[in-house]
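Take a look at the letters that make up each chain.
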Amino acid sequence: MMPAEITAHLHPAAMQVAREGVVLVGLSGGRDSVALLLLLLEQGCKEVVACHVNHGIRGEEADADEQFCVVLCKRLGVQMVCKHADVPALAQSTKQSLETAARQVRREFFLQVAQEYGATAIALAHHADDQAETVLFRLGRGAAGTRGMKAVDAWQGKLLIRPMLQLTRADITAWLQARGETWRDDSTNAVADVARNRIRHEVVPALNRALGRDVVPVLCRSARLQQETLEALEAAIQALPVLDPQGRLYLPFVLQQPPALQKAIVHRYLQAAGVPQISETMVQSVVAMLPAEAEPARMCLPGGLMAIRRQKRLCIRTSQ
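Before going into details, it helps to say that this report is about the structure given with it. It should be emphasised that the depicted structure is a prediction, and the values quoted were computed from it without experimental measurement. (Residues numbered from 1 in each chain as written. Predicted model: local features only at pLDDT ≥ 70, side-chain atom pairs only at ≥ 80, totals over all residues. Heavy atoms only, no water.)

### Some points on the nonpolar core
Most often, soluble globular proteins keep nonpolar side chains buried together rather than apart.
Link 1 in the chain: Of all hydrophobic cores here, the largest spans 34 residues; its most connected members are Leu27, Val34, Leu37, Leu40, Ile161, Met164 and Leu176.
Link 2 in the chain: Elements supplying a minimum of two residues to this core: helix H1 (12-19), strand E1 (23-26), helix H2 (31-42), strand E2 (48-54), helix H3 (60-76), strand E4 (121-123) and helix H7 (169-179).
Link 3 in the chain: Once you skip the residues sitting within four places of it in the chain, Val34 turns out to touch Leu27, Gly29, Phe68, Leu72, Leu176, Thr182 and Trp183.
Link 4 in the chain: One finds Phe253, Ile265, Ile308 and Leu314 within the second-largest nonpolar core, a separate group that totals 27 residues. (Core = buried A, V, L, I, M, F, W, Y, C linked by side-chain atoms within 4.5 Å. Buried < 20%, exposed > 50% of the residue type's maximum accessible area, 1.4 Å probe, protein only. Helix = DSSP H or I, 4+ residues; strand = E, 2+ residues; numbered from the N terminus. Contact = heavy atoms within 4.5 Å.)

### A closer look at the sheet that holds E2
Link 1 in the chain: Across the sheet, six strands lie side by side as E3-E2-E1-E4-E6-E5; this open sheet has mixed pairing. Here the strands that pair on one side only, and so sit at the sheet edges, are strand E3 (79-84) and strand E5 (152-155). Each adjacent strand pair in this sheet contributes to an overall mean axis angle of 25°, direction not counted.
Link 2 in the chain: Sheet topology places E2 next to E3; six bridges connect them, and they run parallel. What sits directly across from Ala50, in E3, is Met80.
Link 3 in the chain: Relative to the sheet, H1 contacts E1, E4, E5 and strand E6 (158-161), its axis offset from that of E6 by approximately 130°.
Link 4 in the chain: Packing against the sheet, H2 makes contact with E1, E2 and E4, and its axis sits at approximately 155° to E1. (Pairing = 2+ DSSP bridges. Axes fitted to C-alpha atoms, helices over the stretch in contact; angles between N-to-C directions.)

### Remarks on helix H4 (residues 87-94)
Side chains that are three or four residues apart share a direction in an α-helix, a result of its 3.6 residues per turn.
Link 1 in the chain: Put simply, Asp86 is the residue that caps the front of H4, since its side-chain oxygen is 3.2 Å from the backbone nitrogen of Ala89.
Link 2 in the chain: Of the residues one or two after H4, Lys95 is the one with positive phi, at around 55°. (Polar contact = N/O pair within 3.5 Å; in protein donor to acceptor, adjacent residues only side chain to side chain.)

### What about the pairing of E5?
Across a regular strand the side chains alternate sides, sitting on one face of the sheet and then on the other.
Link 1 in the chain: The sheet contact formed by E5 and E6 spans four bridges and is antiparallel. Its bridge partner lying in E6, Asp153 is registered against Leu160.

### Here's the deal with helix H5 (residues 98-117)
Link 1 in the chain: Helix length check: H5, at 20 residues, gives a terminal C-alpha distance of 28 Å against a target of 28 Å (1.5 Å per residue), a fit within 8%.
Link 2 in the chain: Turning to H5, its buried residues number three or more, namely Ala101, Ala102, Val105, Phe109, Phe110, Leu111, Val113 and Ala114.
Link 3 in the chain: At the exit of H5 stands Gly118, carrying a positive phi of roughly 65°. (Expected span 1.5 Å × (residues − 1).)

### Notes on the pattern of salt bridges
Link 1 in the chain: Here the structure, examined in full by the defined rule, presents 16 salt bridges.
Link 2 in the chain: Across the salt bridge formed by Arg31 and Asp185, the nearest N and O atoms sit 3.4 Å from each other. Of this pair, Arg31 sits in helix H2 while Asp185 sits in the loop between H7 and helix H8 (195-211), and the two are 154 residues apart along the sequence.
Link 3 in the chain: By relative accessible area, Asp185 is classed as partly exposed at 49%.
Link 4 in the chain: Connected through shared salt-bridge partners, Arg58, Glu61, Asp65, Arg184 and Asp186 make up one network. (Salt bridge = Lys/Arg side-chain N within 4 Å of Asp/Glu carboxyl O.)

### Examining the sheet that holds strand E8 (residues 298-301)
Two orientations exist for strands paired in a sheet by backbone hydrogen bonds: parallel and antiparallel.
Link 1 in the chain: Here four strands make up an open sheet; going across it, the order is E7-E10-E9-E8 and the pairing antiparallel. The open sheet is flanked by strand E7 (249-250) and E8, the only strands paired with a single partner.
Link 2 in the chain: With two bridges connecting them, E7 and strand E10 (residues 313-318) associate as antiparallel partners. If you follow Tyr250 over to E10, its bridge partner there is Arg313.

### Side note on unusual backbone geometry
Link 1 in the chain: Cis geometry marks the peptide bond from Glu295 to Pro296, where omega comes out at 0°.
Link 2 in the chain: If you trace the backbone, Pro296 turns up in the loop between helix H12 (280-288) and E8.
Link 3 in the chain: Even without being a glycine, Gln156 presents a positive backbone phi close to 50°.
Link 4 in the chain: One can find Gln156 in the loop between E5 and E6.
Link 5 in the chain: Gln156 sits in the exposed class, given a relative accessible area of 56%.

Pasting the structure below:
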C-alpha cells in the first residue's frame, strides 16, 4: 500500500463515530498511536483529546515518552491529559501481570476522561498485525473460532473504535516516514518475555516461513469472516421468540432447538444479563438445567448472580 492510500483503508464506521463528537485517543508516543492521532485530525475530527499514561515501569524512558507526547500535542494544538501510575505496585497487590494491570489502569483512566469531557468514543491504535496476534492469542487460549477485535465496540456506555484495523504496521511506518514524523519505541515490545510479544516475534514469523506467505492478511480475513458469522447468528437469535414478555428465557421453545443453537441462545442471554466471565463450561451447565426434570433448578454465577429455572422459564437474579 502506498502512503497516500492509507486514508482509504481507515474503517468507515469507526471514522464516522470519530467525527460525530469528542473522541479520546490513547496516545503512548509509539508509531501506531501517533499515526492514529494525525489521521483523526486530518480526517476532520475536530474535538480530539489525547490521553497518555505513564505506567511507572520504564523510568527515564517512560518520562521521555511522556515529554514527546506533550511536545507533539502542543505542535498539533491538541489537548492532552496525562496520568502517572505505579503499575508494578498495582500488579503486585492484585496478583496480576504487568500487562494486565497496565491495561486496567489505561481503561479506567480513559473512561474517567471520557466522562469528564463528554466523549462518546475512545480511539485505540490497534492495526492488522495486532488483529492477527489477537486471533492467535485467543486460539491458543481455547477461545471459540478466530474472532478478533471489532472496529466499533460498545464498552461501559462508550464506543471503542479502532479505525486502523485494516492497516499493517508496515503501512503505518511508511506513512509516517513519508511525512517526516517521528515516534517513540517501547523497548519492552522488543523482548519476547510475554505471550503477545512471543507471538509477534516468534510465532508469526514462524508461520510466515512455514506457509511461505504473509499470514497477517489471512488471519485478519478469518477474524472478519468469524465476526460476520457471529453477527448473523446474533441477528437470527434476536428474531427468535426466545424471551417471554418479562424478559425471561422461554424454555419450551429453546429446548426444541438443536444443541448448538441452545448453547448460542444461552450464551447470548447470559451476556445480556451482565454475567461476567462466561465460559463454555458455564454455558453447558446452564443448558443442562433447562429441562423441567433437571436438577438442580438453580445455579450460582459469577458477579453475585444466579440462574433460576421456574415454571418453564429461566431468569437471572441477584443472589440472596
